[in-house]
Structures are given as C-alpha cells and as structure tokens.
Amino acid sequence: MLTFDEFITLLSKVEKQLSVDDEPGQPEDFKNSKEVLPDTKVLDFLRLLEEYRKKCEDEGNYTEAKKAKVKYDELRKKETIR
C-alpha cells in the first residue's frame, strides 16, 4: 500500500511534468497547437488517486480521503488548464 507521503512525492513528480510546456522531440507544429490532448499518464494517475480516495473512505480513513480529494481536484484543475 502506498503511504500518503509516498503519494505526495509521486504527485509532485507528475505536477512537475505538467509544468513543462515544451517536450523535446515534439514536432514544431504540435508545440504551437492550441489543441492539446490530455496526457494519459496524468489521466491514469487521476484514476489511481480517485481509487485511493474511495479506498480510504471504505476503510473509514476520512482525513486521508479528504487529502486525496483535494489533490485530485488540484491536479484535475491543472490538467484542465493545460
């Protein structure tokens, strides 16, 4: 099982990845495109985070579930803006 601290570390890595605007190796026309497809890694991570929140709620760990929800909402908002 993943501890919340380990989860936060993983989340920080994902957020750092989101903050990078240009990825090397992308075609120039894609870099300047206004339409950007969601990153599948981020979507998978969001799914994982939601599952973690539900598991915490099922176990009665509502404090941890609330932390997971806040992080989920924060990351989802960043991904939507991106």
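Structure: above.
Residues numbered from 1 in each chain as written. Predicted model: local features only at pLDDT ≥ 70, side-chain atom pairs only at ≥ 80, totals over all residues. Heavy atoms only, no water.

Draft legend 1. Region of the structure containing the overall build of the protein. Along the protein, the regular secondary structure elements total four helices and zero strands. Taken from the N to the C terminus, the helices and strands of the protein come in the order α-α-α-α. Considering the protein as a whole, with its 82 residues, one finds that 26% of them fall into the buried category. Of the contacts made within the protein by residues no fewer than 6 positions apart, 72% connect residues no fewer than 24 positions apart. Only carbon and sulfur atoms are counted for the fraction: they give 52% of the accessible area of the protein, which is about 6,300 Å². (Helix = DSSP H or I, 4+ residues; strand = E, 2+ residues; numbered from the N terminus. Buried < 20%, exposed > 50% of the residue type's maximum accessible area, 1.4 Å probe, protein only. Contact = heavy atoms within 4.5 Å. Areas by Shrake-Rupley, 256 points an atom, 1.4 Å probe, with all protein chains shown as cover.)

Draft legend 2. Looking closely at the environment of Arg 53. Among the secondary structure elements, Arg 53 is positioned in helix H3 (residues 40-58). The class for Arg 53 is buried, based on a relative accessible area of 14%. The sequence separation of Arg 53 and Thr 63 amounts to 10 residues, and the corresponding C-alpha distance is 9.9 Å. Ignoring any residue separated from it by four or fewer positions in sequence, one finds Arg 53 in contact with Ala 65, Ala 68 and Lys 69. Side-chain polar atoms of Arg 53 contact the side chain of Glu 57, separated by 2.7 Å. (Polar contact = N/O pair within 3.5 Å; in protein donor to acceptor, adjacent residues only side chain to side chain.)

Draft legend 3. Focus on helix H4 (residues 62-81). With 20 residues, H4 extends 28 Å between its outermost C-alpha atoms, agreeing within 8% with the 28 Å of an ideal straight helix rising 1.5 Å per residue. Along H4, the positions that sit buried rather than exposed are Glu 64, Ala 65, Ala 68, Lys 71, Tyr 72, Leu 75 and Glu 79. The arc enclosing the buried residues of H4, seen along the axis, measures out at 130°, which places them on a common side. What points out from H4, more than 90 degrees from its buried face, is the exposed set Tyr 62, Thr 63, Lys 66, Lys 77, Thr 80 and Ile 81. (Expected span 1.5 Å × (residues − 1). Arc of directions from axis to C-beta.)

Draft legend 4. Geometry of the pattern of salt bridges. Enumeration over the complete set of coordinates arrives at five salt bridges. The partner of Asp 44 in a salt bridge is Arg 47, with the nearest N and O atoms 2.6 Å apart. Taken as a pair, Asp 44 and Arg 47 lie in helix H3 at a separation of three residues, close to a single helical turn. By relative accessible area, Arg 47 is classed as partly exposed at 48%. A salt bridge links Glu 57 to Arg 53; the shortest N-O distance between them is 2.7 Å. Of this pair, Glu 57 and Arg 53 both sit in helix H3, separated by four residues, roughly a single helical turn. Residue Glu 57 is classed as partly exposed on the basis of its relative accessible area of 32%. It is possible to trace a salt-bridge network through shared partners that takes in Glu 50, Arg 53 and Glu 57. (Salt bridge = Lys/Arg side-chain N within 4 Å of Asp/Glu carboxyl O.)

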